[in-house]
Amino acid sequence: MDEVHHWVGSNGGPEFFQTLKRNVEKLAAVGSRWVTTTNAYNPLEDSVAQVIHESDMITQGFWLYDCIEGSIEPDEMRDEAKVRQALIEAYGDASWADIDGLTRTILYDRTTPDSTYLRFFCNRIAESSDGWMSKAEWDARADDQDPIKPGDQVALGFDGSIRGDATGIVGVRLRDAKLFVIGVWERPEHAHDEWEVDVLAVEAAVHRAFETYRVAWMYADPPYWQEAIGRWSITHGDDTVFEFWTNKPTRMTQAVERFRTAAMVGDLKHAGDARLTRHVLNAVAREVPQGILIQKDSPRSKRKIDLAVCAVIAMEARADAIADGRMKLRRSRVVGF
């Protein structure tokens, strides 16, 4: 199996790999074996190369993983001496490699991102340069202390679809900006063409959230869901449920920037939900005249980002609720004798 860093969910690579591996394993006793060759993977893509590299089969020594990485960091890609040394290390005894030419290309050809040079020339695992949030940055905001509890005061962000993209609801606690997933509905891998989001299940989840938590503010992206959002507004208050059009670039770029800044400086945290993490790391940054938006890596991509959008507008809902004076801190009574 070759170039397994390209074997990703959008092209069916992981499923194909599992099929091949299962058939080899069935015949292992009579000598069947599998071998993969690959360049360094992008850790935001969940490729077969990454799955293999992170498998316990490697850490336990059952699979052989062999790689020589150049000793260089992303912020050293303008240092000629370090670039040259990293290339010499990575190419080893490949005497045909043009080290001088590769060094010159990395230093002066700016048509290719440094992350690509790191992966394909230096054998270094590196995230794509257009990724919105790095895994290290997002993981640093994970917090398993002080879990979200019923009765906590929260704000909600909702982003909905009917058939193609996912539908999700993300909450954020007002007092400490801790994000958590209330629900997500994604199209199954082999769903029939007529598959649609279970609208009643989504509506039930919204009403349950209002019953479970003290919801101070809710922002909901209206396309396909305007009628439902209208009902939520009637039921839970038109001073609590508001529309938030994510297709308005000026407002959305400002929201994305505020979220990114909060993540960088530690002004938000999250409960470590793997679904939210996956959607946040799937998001790529796209520059528009108004600023930076987040999008899927391609319009037809199966790598969903809807929970990331929910989280962004949930943080906006939190900020507006606080600005409106709605954050109420519960105080314990102290009785003296």
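Residues numbered from 1 in each chain as written. Predicted model: local features only at pLDDT ≥ 70, side-chain atom pairs only at ≥ 80, totals over all residues. Heavy atoms only, no water.

**Q** For this particular structure, what's the right way to read the overall build of the chain?
**A** When you go through the chain residue by residue, the secondary structure sums to 12 helices and eight strands. Projecting the C-alpha coordinates of the chain onto the three principal axes gives extents of approximately 75 × 55 × 50 Å. Counting over 337 residues, the chain shows a buried share of 43%. Taking contacts inside the chain between residues at least 6 apart in sequence as the whole, the part at least 24 apart equals 64%. Looking at the chain as shown, the accessible area adds up to about 18,300 Å², and 51% of this sits on carbon and sulfur atoms. Computing the positive centroid from 41 side-chain charges and the negative centroid from 54, the chain places the two 6 Å apart. (Helix = DSSP H or I, 4+ residues; strand = E, 2+ residues; numbered from the N terminus. Buried < 20%, exposed > 50% of the residue type's maximum accessible area, 1.4 Å probe, protein only. Contact = heavy atoms within 4.5 Å. Areas by Shrake-Rupley, 256 points an atom, 1.4 Å probe, with all protein chains shown as cover. Lys, Arg positive; Asp, Glu negative; His and termini not counted. Charge placed at Lys NZ, Arg CZ, Asp CG, Glu CD.)

**Q** I would appreciate a short explanation of the packing of aromatic side chains in the present structure.
**A** For any two aromatic rings, the description comes down to two numbers: the centre-to-centre distance and the angle of the planes. Per the counting criterion, the structure on display carries 14 aromatic pairs. Considering the side-chain rings of F17 and W34, the 5.6 Å spacing of their centres and the 85° angle between planes classify their relative orientation as edge-to-face. Pair noted here: F17 is in helix α1 (residues 13-26) and W34 is in the loop between α1 and α2 (48-53), with a separation of 17 residues, a long-range link. We classify F17 as buried; its relative accessible area is 2%. Between W34 and W63, the ring centres sit 5.0 Å apart and the planes meet at 85°, which makes this aromatic pair edge-to-face. (Phe/Tyr/Trp six-rings, centres within 6.5 Å; stacked < 30°, edge-to-face > 60°.)

**Q** Explain the packing of helix α4 (residues 80-91) against helix α5 (residues 99-108) here, please?
**A** Each pair of packed helices can be described by the angle between their axes along with the distance between the axes. Viewed as axis vectors pointing N to C, α4 and α5 meet at an angle of 130°, and their least axial separation amounts to 10 Å. Considering their axes alone, α4 and α5 lie oblique with respect to each other. The chirality of how α4 crosses α5 is right-handed. Note on element contacts: α5 touches α4 through I99, D100, L102, T103, I106 and L107, opposite E80, V83, R84, L87, I88 and Y91. Its residues placed into classes, the contact of α4 with α5 shows eight nonpolar, one polar and three charged. (Axes fitted to C-alpha atoms, helices over the stretch in contact; angles between N-to-C directions. Parallel < 35°, antiparallel > 145°, perpendicular 65-115°, else oblique. Left-handed = near helix turned anticlockwise from the far one by under 90°. Nonpolar A, V, L, I, M, F, W, Y, C, P; charged D, E, K, R; others polar.)

**Q** Whenever I open this one, the sheet that holds strand β1 (residues 153-159) confuses me. Can you help?
**A** Working definition: the strands of a sheet are paired by backbone hydrogen bonds and lie parallel or antiparallel to each other. Taken in spatial order, the six strands line up as β5-β4-β1-β2-β3-β6 in an open sheet, and their pairing is mixed. Where the open sheet ends on each side, the last strands, each with one partner, are β5 (241-243) and β6 (269-270). Pairing between β1 and strand β4 (residues 214-220): six bridges, direction parallel. Bridge assignment links G157 to a residue of β4, and that residue is Y219. The sheet strands contacting helix α9 (residues 226-236) are β1, β4 and β5, and the helix crosses β5 at an angle near 150°. (Pairing = 2+ DSSP bridges.)

**Q** Even after reading the chapter, I still don't get the side chain of N282, so can you show me in this structure?
**A** Here N282 shows up in helix α11 (residues 274-282). Take N282: its relative accessible area is 4%, and that puts it in the buried class. A polar contact is formed between the side chain of N282 and the side chain of R303, at a distance of 3.1 Å. (Polar contact = N/O pair within 3.5 Å; in protein donor to acceptor, adjacent residues only side chain to side chain.)

**Q** I tried to follow α5 on my own but got confused; where do I start?
**A** Restricting attention to buried positions, one finds in α5 the residues I99, G101, L102, T103, I106 and L107. Along its buried surface, α5 packs onto α4 and α6 (114-120).

Keep in mind these values describe shape, not function.
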